[in-house]
Structure formats: structure tokens, C-alpha cells
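# Structural features, examined
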Amino acid sequence: MKNFKWILVIFFMVSYSSCVKTEDFQLPESETKEINIEGDITGISAVKSNFNPETKEIYVFSETDTWMEAYVVSSDEGGNFYKELVLQDKPENPIAGILLLVDDNSLFETYNFGRKIYVKLDGLALWSNNGIHQLGIQNRGDVVAIPPSRIDDHIIRTMETYEIVPLQLEISEFKEEHENLFIQVKNVQFNRNLLREQHHYTFAGEVTDEYDGERQLESCITGASTMLSTSTFSGFKSLYLPENSGNVKGILTRNFYDDYFVIAVNSPDDFSFGGERCDPEFLKCTNNTSEGINVLFEEDFTNITSLSALENSGWINVNVNGGKVFQPGTFDGNRYIRVSAFNTEEAPMEAWLVSPPINLDNVLGAQLSFDIMSSYDNATSLSVLVTEEFTGNVLTTNWQPLDAIIPIGPTNQYGRGFVKSKIDISCLKGDIHFAFRYLGAAPDKSTTYDIDNIRVSGN
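The following paragraphs examine the structure supplied in this document. Everything quoted here is computed from the prediction, not taken from an experiment. (Residues numbered from 1 in each chain as written. Predicted model: local features only at pLDDT ≥ 70, side-chain atom pairs only at ≥ 80, totals over all residues. Heavy atoms only, no water.)

Moving on: the overall build of the protein. Within the protein, the secondary structure is distributed over three helices and 33 strands. Expressed as lengths along the three principal axes of its C-alpha atoms, the size of the protein is roughly 90 × 65 × 40 Å. Within the protein, contacts between residues separated by at least 24 positions form 75% of all contacts whose residues are at least 6 apart in sequence. As displayed, the protein offers around 22,600 Å² of accessible surface, 47% of which is attributable to carbon and sulfur atoms. (Helix = DSSP H or I, 4+ residues; strand = E, 2+ residues; numbered from the N terminus. Contact = heavy atoms within 4.5 Å. Areas by Shrake-Rupley, 256 points an atom, 1.4 Å probe, with all protein chains shown as cover.)

So, about the state of the cysteines. Applying the stated criterion across every chain yields a total of two disulfides. Between the sulfur of Cys-220 and that of Cys-278 lies a disulfide, 1.9 Å long from S to S. Negative torsions about the S-S bond denote left-handed disulfides, and the value of about -75 degrees found for Cys-220 with Cys-278 makes this one left-handed. Placement of Cys-220 in the loop between strand 17 (212–219) and strand 18 (225–231) and of Cys-278 in the loop between strand 21 (271–275) and strand 22 (294–299) is noted, with a sequence separation of 58 residues between them. Two residues, Cys-285 and Cys-427, share a disulfide whose sulfurs are 1.9 Å apart. (Disulfide = S-S within 2.5 Å.)

Turning our attention to the pairing of strand 10 (residues 132–139). In terms of burial, strand 10 is a largely internal element, six of the eight residues being buried. Strand direction decides the pairing type here: strand 7 (residues 97–101) and strand 10, joined by two bridges, are parallel. When the sheet's bridge partners are listed, Leu-99 is paired in strand 10 with Gln-134. By the bridge criterion, five bridges tie strand 9 (residues 125–129) to strand 10 in an arrangement that is antiparallel. Looking across to strand 10, one finds that Ser-128 is bridged to His-133. (Buried < 20%, exposed > 50% of the residue type's maximum accessible area, 1.4 Å probe, protein only. Pairing = 2+ DSSP bridges.)

Below, the discussion takes up the packing of aromatic side chains. Inspection of the entire model under this criterion finds 20 aromatic pairs. Aromatic side chains Phe-297 and Trp-315 sit 5.9 Å apart centroid to centroid with 65 degrees between the ring planes, which places their arrangement in the edge-to-face category. Residue Phe-297 is located in strand 22, and its partner Trp-315 is located in the loop between helix 3 (307–312) and strand 23 (316–319); the two are separated by 18 residues in the primary sequence. Assigned by exposure class, Phe-297 and Trp-315 land together as buried. Site record: aromatic cluster; members linked through ring pairs are Phe-297, Phe-301, Trp-315, Phe-370, Phe-434 and Phe-436. Here the basic side chain of Arg-254 rests over the ring of Phe-261, its NZ or CZ set 4.6 Å away from the ring centre. (Phe/Tyr/Trp six-rings, centres within 6.5 Å; stacked < 30°, edge-to-face > 60°. Lys NZ or Arg CZ within 6 Å of the ring centre and 35° of its normal.)

Moving on to the side chain of Asn-247. Tracing the backbone through its elements, the reader meets Asn-247 in strand 19 (residues 245–254). At 3.1 Å, the side chain of Asn-247 forms a polar contact with the backbone nitrogen of Asn-187. Those residues in contact with Asn-247, other than ones at most four positions away along the chain, are Gln-184, Val-185, Lys-186, Asn-187, Asp-270, Phe-271, Ser-272 and Phe-273. (Polar contact = N/O pair within 3.5 Å; in protein donor to acceptor, adjacent residues only side chain to side chain.)

In the segment running from Ala-347 into Pro-348, the intervening peptide bond is cis, with an omega of 10 degrees. Here the amide bond leading from Ala-442 into Pro-443 is cis, since omega sits at 0 degrees, within 30 degrees of zero. One can find Pro-443 in the loop between strand 32 (431–440) and strand 33 (448–458). Backbone geometry at Arg-140 places phi at a positive 60 degrees, although glycine is not the residue there. Its location among the elements puts Arg-140 in the loop between strand 10 and strand 11 (142–144).

Let's shift gears to the environment of Ser-381. If you trace the backbone, Ser-381 turns up in the loop between strand 28 (367–375) and strand 29 (382–387). Between the C-alpha atoms of Ser-381 and Leu-135, which are 246 residues apart in sequence, the distance is 36 Å. In this structure Ser-381 touches Arg-437, Tyr-438, Leu-439, Gly-440, Lys-445 and Tyr-449, once residues within four positions along its chain are discounted.

Put into C-alpha cells, the structure is as follows:
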């Protein structure tokens, strides 16, 4: 391709102050700065097309006079991004984004949000790491950050800062083509179990957060969910999650293991959560928190050693798509029932465990309690429901959601203990059935739940 010369002329104002009378003034002087770029200018889409996803080989650019035009959409001021610049191809309606690895701190001071830059490709390497296209310097079998001594050789900072208009997306619309783009998702909220009085979660300040804190965001429009990812080195990691619903802006990227999409924000200012929550209408009886003296139903799974034993005890254990169901489990002498989409190919996986009938006629102060433990948590996929009119089919029954405590477990390890829920069901009568419903999807919503010590009591 024939080379040509691009000349960018940027006007900026240099102002100064001096001791003058208030009625005196002087227009600031203007000066012109030329940025001379010898060669060709290309876009992010063309750059990314050099990577072969089948061979996954690192591609090293050798074009001597080719520059990539881009706009900065990340900021390391809040500490959620480290030695990297997230770039997209246009300030509005972008179609391609890429991650540029830069071995320097406080990048926001030079390459601020919205800054237009040019990146010299000669000598840079391209690969896909954890599902994300990255540019940097090849170091044997890796691509590493551009060293400080070479930053000025590869990055030209223009004097132009643009308003970045976030790409509007629904969670259900996330695709690979949207990675490394600055997006906005509207009408979302954090999962209710992250905001309970017993434990109101922070962005990334929990003992189970090793490198990143992942918190589930749910759409009030579609019910779809995704994860907000926050670095444990961020300056806002210890802030509480906002309680209401609203909009969030951030970078769409992938989790560390490339299992699912996550959103990473530049700062807490990217949240505008001023709306009412959109939780379901849970069953509300009274505020009774005391167990009755009579045990009407109890199951600790001590004698449940097989699926047939579970069925013979009156439980209905079904997957609406014919796949994996709740399974008996044991650990350290304790028996429980377990459910997980891990190691399945079900997307979605919808499994139900329905109790035998329990008659609440002539019962006062009825209460349902149970213990749940969460492990390898990547989404809240379990809910608890109840009905007075079970049809024998979980899909045709009119279920009432219960405000159960579904614990948030560690993301990459076995759970740290069971958490008890106590739910007042004193306003129900007749034969009732309660159910545990698991709605997961492999591999991104595959949390493992253990359930134990189920009891219905009353007076």
C-alpha cells in the first residue's frame, strides 16, 4: 500500500493570569501543535482480524508505518484497571474494542477517558487471553505490557478528548463482538441476597474475594443476569453495593477463566441507582420468627442414599428438560441433597425438588426452616417457593416465592458452612407443598448448592 502523510492539527488554548485591573483583560493566546504521522491509519477491527482463533498463535506486526486509531474508555484512577488501556474504535456506536497492555501507573493522567490516541503497530504482538484480544510486546510464549522506555514510541496522545456515548445493551444481548466496549445496561439491580441486613456485601471487600469480587446484577426487564467484576486492589472495593435499581456503565469483558461475560466499571460514579427495586412479591404472613413446639415435617436426608430412596420418601425430583436432578450427597458423615449445573451441557438447567404434602389445617404459627450452603458460586440460581394448590406438575402449579436466604459462596472453592433460613408460613392452610427450584446454565451459572435440615413446625 502506498504510504501517505497524515497531519493532525490541534488547536488549544494556553491561558495565564497576571496582576491587572479588573476592567482589563486579554484574550488567551492560541497556538497550533502538529502531530505528524507517517504511514497508514487502520482501525481496531482490522487489527483484531490478524489473530487466528483456530491456531491461537501470537501475531507480531511488522508493518513499519501503520497506526491504529482508538479512543480510551478505561480509567485506572479508581484502581479497577491496572497497567492497561481499554480502547474502542469510535466515541459513539463502536463496533470493536481491544486491550492495550502498558507498563505504567496512573495512565489516566495522560490517557484520560475519551482521549483519542494513535498506536504504532510495528513491533507489537496480538493474542487472545482469557477470551479478550490484547496488544502488547511478545515475550516468548506470552504477550506482556509495553515497557516504559517504549511507550512514547508506540502511543501518540492527541489533544482531543471526546464524549464517550455508551453502547446501550440488554444483558441478554451480550456477544463476543461487544467485548472491550464501553456499554450501559439499564434497569438492573444487585441480587437481593447481596444486600441483606445480616450481610450487606461490598464491591470486593469480602474474605472470599481473592483477586476480583463478582456480584450478580439482574435485569428488571428480562430477568437475565450478569456479573459485576471489581478488583480487590480497587480504591472502592470496601464500599457497600447500592441497594436500589437503575443504570450502570462499564467495560464489557470476560471473567478470569473465560466462562462468562462480566462488567467492570471505572468508578462507583458509573452507577445511577435511584429507582425502586423489582423483587418478586414474596409471601408475607406475619413476622413470626419462633419455631412451633410441634414438628409437622422433618428431613435431614440421613436415610436418603439414592434417588429411589428420595422418591420413596414422597419427594418429587424432576428436571423439566429431562436432564440432571437433585442428588443425594455426603461429606464428613453428614448427608444432604445437592444440585449443580457443573459438568453438564444444560443451558438452561431447570430442576425442581418438591416436598411431600404437609397439612397446616388447625396449625398456628407455622414456620419453614432449612439450611443451604453455596460452593463455586457464579450466580444465584436457587429459589424457594410454596403452593396450596399443587397440580402434580411444577410447570402448571401457581407458586408463591419465599424470601429465603440463598447464601453467596466462594467462587473457586467449597463452601464455608450452611446458612439457615426461617420463613413464616402461618397464613397458609390445607395441604401445602414447598419446592427448591434450580435454574442454572452451564458453564456460566453452575453454582453448587447443598440443602439440609428441612423442618416445618407449628403449634
